[in-house]
Amino acid sequence: MRSIILIGLTFFVLATTALAVDLVRYRPQPLNGIDPLAPIVIKIALN
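First, a word on what this report is: a plain description of the structure on this page. The model shown is predicted, which means the values in this text are computed figures rather than measured ones. Each chain carries its own residue numbering, running from 1 in the written order of its sequence. Per-residue local features are limited, in this predicted model, to residues with pLDDT of at least 70; the limit for side-chain atom pairs, both in listing and counting, is 80 or more; totals at the level of whole chains, interfaces and linings are taken over all residues. Hydrogens and waters are ignored; side-chain quantities use all the structure's heavy atoms.

Glancing now at the overall build of the chain. Each helix and strand counted, the chain has one helix and zero strands in total. Taken across its 47 residues, the chain has 0% of its residues classed as buried. Each accessible area is a Shrake-Rupley estimate made with a 1.4 Å probe; only the visible protein chains count as cover when residues are assessed. In the structure as shown, the chain presents an accessible area of about 5,100 Å², 70% of it carried by carbon and sulfur atoms. The helix and strand labels rest on DSSP assignments: H or I over at least four residues marks a helix, E over at least two residues marks a strand, and numbering proceeds from the N terminus. To sort residues, take the accessible area from a 1.4 Å probe on protein chains only and compare it with the maximum for the residue type: under 20% means buried, over 50% means exposed, and anything in between is partly exposed.

On to a nonpolar patch on the surface. Exposure above 30% relative accessible area and no salt bridge define the residues that can form patches, which grow by joining like charges within 9 Å and nonpolar side chains of Val, Leu, Ile, Met, Phe, Trp and Tyr within 5 Å. Just to be clear on terms, a salt bridge is a Lys or Arg side-chain nitrogen sitting within 4 Å of an Asp or Glu carboxyl oxygen. Side chains of I40, I42, I44 and L46 sit close together on the surface and give an oily, nonpolar patch of about 580 Å² of accessible area. Inspection of the secondary structure assignment puts I40 in the segment after helix 1 (2-25). Note on I40: relative accessible area 76%, which makes it exposed.

So, to be careful, I would describe these as geometric facts and stop short of saying anything about function.
What follows is the structure in structure tokens.
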């Protein structure tokens, strides 16, 4: 029982560490001039 808890805890720590490293290293590259982190603006033209 103790080994199952240790394996689960180890997996949880590794997964959260990998997620934290991924978030810190994230550098968005604009795709065709579109910034993925920019707010979405929708313009409606009324005639």
